[in-house]
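Below are the chains, spelled out letter by letter.
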Amino acid sequence: MRVRTLASLISLSLALAAGPALAQQDVDKVFGGITAQADQEYGSLSSVNGGITVREGAKVESAETVNGGITIHDRARVGSAETVNGGITLGEGARAGSLEAVNGGIRLAKGARVDRDIEAVNGGIRVAEQAEVVGDIENVNGAITLRGAQVGGDVTTTNGDIVLAGGTHVDGGILVEKPTGNWWKSEDRQVPRIVIGANSVVAGSLVFEHEVELFVHPTAKIGPVTGATAQPFTDTLPPRSK
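Here is a short report on the structure shown in this document. (Residues numbered from 1 in each chain as written. Predicted model: local features only at pLDDT ≥ 70, side-chain atom pairs only at ≥ 80, totals over all residues. Heavy atoms only, no water.)

## A closer look at the pairing of strand β27 (residues 213-216)
Here's step 1: Both faces of β27 are covered, namely the face carrying E213 and F215 and the face carrying L214 and V216.
Here's step 2: Summarising the sheet, strand β24 (residues 193-196) and β27 pair through 4 bridges and their orientation is parallel. From the neighbouring strand, I194 faces β27, where its bridge partner is L214.
Here's step 3: Where β27 and strand β30 (residues 230-232) come together, 3 bridges link them in parallel fashion. What sits directly across from L214, in β30, is A230. (Buried < 20%, exposed > 50% of the residue type's maximum accessible area, 1.4 Å probe, protein only. Helix = DSSP H or I, 4+ residues; strand = E, 2+ residues; numbered from the N terminus. Pairing = 2+ DSSP bridges.)

Below, the structure written as structure tokens:
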């Protein structure tokens with residue numbers, strides 16, 4: 001996973017702020033939020049301490065912040081969005097090239113589209129109906145919930161639950177990676193729960209490198225499974241074993 005460090009983002013923003021004047025469509029701040037106005041076009045938006053808002057129908061090449069969330073409103077277009085401390089929201093019918101957050105969740109509304117990958121470290125990922133992610137979805141900590149969504153690549157987590165509902169279709173596979181560090185040794189750790197709901201499809205392999213609870217609805221279709229035994233369910237799931 002490519003995660004830009006806090007230090008590098010701060011250095012970049014400070015260098016830009018101290019350098020020659022930028023083109024008018026670029027906005028760079030050390031303190032304060034940035035708003036891209038509706039139906040306007042911008043180059044890069046960069047902030048160290050402040051959130052970024054992209055209004056309806058606006059077009060932005062890139063949006064980056066260190067301390068703040070990024071909100072991309074309905075039908076807006078962003079080439080890439082990255083934040084360290086904050087979440088990212090992609091509105092209805094909005095489109096982004098890629099989304100990346102370190103400490104914060106990522107949300108896609110109905111009909112949103114990401115042309116490449118979604119990556120998070122500490123944060124959940126939620127994708128609503130009719131939304132599409134052309135590439136991969138990946139996080140370390142936090143639930144990944146896909147409802148009536150289309151994913152062209154793989155879905156990967158380490159410690160989080162994965163829920164596919166509403167006829168979600170994943171063209172790739174599912175991977176739950178083996179964690180490292182103190183979490184793996186903790187007696188209080190929660191076993192991830194992987195739920196493949198009604199009419200959902202995972203075309204590729206399901207690979208589990210550590211213990212999980214795997215539940216598959218009778219109407220779902222999945223590829224080969226390694227590292228877990230699928231349990232059937234219909235309306236409700238049983239209580240967690242751990």
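## Regarding the nonpolar core
Where a protein is soluble and globular, its nonpolar side chains tend to be buried together.
Here's step 1: Among the nonpolar cores identified, the biggest contains 50 residues, and I72, L99, L108 and L146 are the most heavily contacted of them.
Here's step 2: One finds V48, V66, V84 and V121 within the second-largest nonpolar core, a separate group that totals 5 residues. (Core = buried A, V, L, I, M, F, W, Y, C linked by side-chain atoms within 4.5 Å.)

## Some remarks on the sheet that holds strand β6 (residues 70-72)
Here's step 1: Across the sheet, which stays open at both edges, the 11 strands sit in the order β2-β4-β6-β9-β12-β15-β18-β21-β24-β27-β30 with parallel pairing between neighbours. Taken across any chain shown, the strands that pair with only one partner, and hence form the sheet edges, are β2 (34-36) and β30. Strand-to-strand twist in this sheet, taken as the mean axis angle between neighbours without regard to direction, amounts to 10 degrees. (Axes fitted to C-alpha atoms, helices over the stretch in contact; angles between N-to-C directions.)

## A few points about unusual backbone geometry
Only a minority of non-glycine residues have a phi that is not negative, and only a minority of peptide bonds are not trans.
Here's step 1: With a phi close to 65 degrees, R75 is a non-glycine residue in the positive phi region.
Here's step 2: Mapped onto the secondary structure, R75 falls in the loop between β6 and β7 (77-78).
Here's step 3: Non-glycine residue N199 carries a positive phi angle of around 65 degrees.
Here's step 4: Tracing the backbone through its elements, the reader meets N199 in the loop between β24 and β25 (201-202).
Here's step 5: The class of N199 is exposed, set by a relative accessible area of 54%.

## Section: the side chain of H210
Here's step 1: Within the secondary structure, H210 is located in the loop between β26 (206-208) and β27.
Here's step 2: Looking at H210, the relative accessible area reads 5%, which means it is buried.
Here's step 3: For H210, the side chain forms a polar contact with the main-chain oxygen of T158, separated by 2.9 Å. (Polar contact = N/O pair within 3.5 Å; in protein donor to acceptor, adjacent residues only side chain to side chain.)

## What to know about the environment of D154
Here's step 1: Along the chain, the position of D154 falls in the loop between β19 (150-151) and β20 (155-157).
Here's step 2: Along the sequence, D154 and V134 sit 20 residues apart, while their C-alpha atoms lie 9.8 Å from each other.
Here's step 3: Beyond its immediate sequence surroundings of up to four residues, D154 is in contact with G135, D136, I137, G172 and G173. (Contact = heavy atoms within 4.5 Å.)

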